[in-house]
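# Commentary on secondary and tertiary structure
One-letter residues, chain by chain:
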Amino acid sequence: MPPADPVHAAGTADRVDRGVGLVRAARRGDTLALHDLLDHLTPYIARICRPIALDDGPDATQEALVAVFTSLRSLREPEALYGWVRAISVREAVRVAKRAGRARPAELADVPERGDPQLAADIDDVLARLSPAHRAVLVLRDVEGMDEESAAALLGVPTGTAKSRLHRARQSFRKAWSA
Amino acid sequence: MNASNESDGGVEGRGGLLLDDVRRMHVMVAGVRGARLVERVLPAPLPRVWQVMGDLEGGFGEFQPDMRSVRILRRDGDRVEALARSRYGLRAHFHGVLRPGWCWLQSRFLVIGMAAVEAGEGTGHTRVALTGGVRVPGHAALVPFGARHELEEAMTRLAARVG
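Notes on the structure in this doc start here. Keep in mind that what you see is a predicted model, and the values were worked out from it rather than measured.

Looking now at the interface of chain A and chain B. Counting from both sides, the interface comprises 26 residues of chain A and, opposite them, 31 residues of chain B. Of the roughly 2500 Å² buried between chain A and chain B, counting both surfaces, carbon and sulfur atoms make up 58%. Considering only the side of chain A, the residues that lose the most area to chain B are Thr-31, Leu-32 and His-35 of chain A, jointly responsible for 23% of the buried surface there. For Arg-24 of chain B, the salt bridge goes to Asp-39 of chain A, with nearest N and O atoms at 3.0 Å. Counting the contacts that link chain A with chain B gives 12 residue pairs in polar contact (both at pLDDT 80 or more). Of all the secondary structure elements, the ones that give two or more residues to the side of chain A that touches chain B are helix H2 (13-27), helix H3 (31-53) and helix H4 (57-70) of chain A. It is H3 of chain A that contributes the most residues to the side of chain A that touches chain B, 12 residues altogether.

Right, here's the structure in full:
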């Protein structure tokens, strides 16, 4: 597993401390702490799953949370919570997106010309044309702040592959932005 | 997505609803070993269903098979503390969370979880999920034996109450 960057992932050190504290309490049998952990982790997991799984974001978020909660006892170091959750979320989001048949690798020629004047719509359009794995690289690098090597390790692909995916994904975005 | 809050039907964040409350209940059940979940669509609108389920001192005790009476001791935002008495005279001192469409209560020996969401927009039906049972001390776990039967019974009573 790549080194966790919990503060970057969770926003603030206080939030990280809270998450780790809730995990410890939940593992001692406190289901109310488990409940609060669900509230605490849902926005973070959704932030990872949604841009990868797109319309299936809620399914991916739910399945990632179920995977996290089912195996919470197997988390050796509660301090590693966010890196562990991030890895599970990416894996589940890619799996759900592939299952939903939305794996459509982008070719640069496929990047849409200026259509909808709304930038958000352009971004959604470009995202939808990337494969789940490409979207995962984008999320890990540009949203989660991971380097290519860590992203590659998490996705189980060679570093070169992650770099080329990132390069292509960024080119797609640049073209959409400047169209 | 730093901004999030809990509102009717689930946890909401920037960009809309992240996960509705019945989905959230499935996650909770995944985290509590031995927990069972009973889910059903009831032919009544959400406000009517939650009026019964969320009324801890009233409707709640009428459909939960083992609850004779519940008294709320304290409320602070969505946090709630309540004292319940079972049909057999046993007392349970609950701490938990009560929001529209969502309730999670825990005492030393018991857990109760309830969720309700609209079952499709404009259908007038409500999807309800129930879980809960007797806790295994020191673990996020429930004694599985008989739990499903109790939950099914609660769901049947609730359906009759709101139908």
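Moving on, there is more to tell.
Moving on, we get to the pattern of salt bridges. Scanning all chains against the criterion turns up 17 salt bridges over all chains. Notably, a salt bridge pairs Glu-153 of chain B with Arg-157 of chain B, separated by 3.7 Å at the nearest N-O pair. Of the two residues, Glu-153 of chain B and Arg-157 of chain B are both situated in helix H4 (residues 147-162); the distance of 4 residues between them amounts to about one turn of the helix. Through salt bridges with shared partners, one network takes in Asp-36 and Asp-39 of chain A together with Asp-21, Arg-24, Asp-78, Arg-79 and Arg-99 of chain B.

Another point: the packing of aromatic side chains. Here the distance between the centres and the angle between the planes together describe a pair of aromatic rings. Residues and elements named next belong to chain B. All chains considered together, the criterion is met by 2 aromatic pairs over all chains. Consider the rings of Phe-60 and Phe-63, whose centres lie 6.0 Å apart with planes at 85°: the pair is edge-to-face. Here Phe-60 pairs with Phe-63, and both are found in helix H3 (residues 59-63), just 3 residues apart, close to one helical turn. Phe-63 carries the same exposure label as Phe-60, and that label is buried. For Arg-24, the ring lying beneath its charged end belongs to Trp-102, and the centroid distance is 4.3 Å.

Relative to the elements of secondary structure, His-35 of chain A occurs in helix H3. There is a polar contact of 3.1 Å between the side chain of His-35 of chain A and the side chain of Asp-36 of chain A. Leave out the neighbours within four places in its chain, and His-35 of chain A touches Arg-24, Met-28, Val-97, Arg-99, Trp-102 and Trp-104 of chain B.

Cut-offs applied
- Residues numbered from 1 in each chain as written.
- Chains lettered and ligands numbered in written order.
- Predicted model: local features only at pLDDT ≥ 70, side-chain atom pairs only at ≥ 80, totals over all residues.
- Heavy atoms only, no water.
- Contact = heavy atoms within 4.5 Å.
- Buried area = accessible area lost by both parts, 1.4 Å probe.
- Salt bridge = Lys/Arg side-chain N within 4 Å of Asp/Glu carboxyl O.
- Polar contact = N/O pair within 3.5 Å; in protein donor to acceptor, adjacent residues only side chain to side chain.
- Helix = DSSP H or I, 4+ residues; strand = E, 2+ residues; numbered from the N terminus.
- Phe/Tyr/Trp six-rings, centres within 6.5 Å; stacked < 30°, edge-to-face > 60°.
- Buried < 20%, exposed > 50% of the residue type's maximum accessible area, 1.4 Å probe, protein only.
- Lys NZ or Arg CZ within 6 Å of the ring centre and 35° of its normal.

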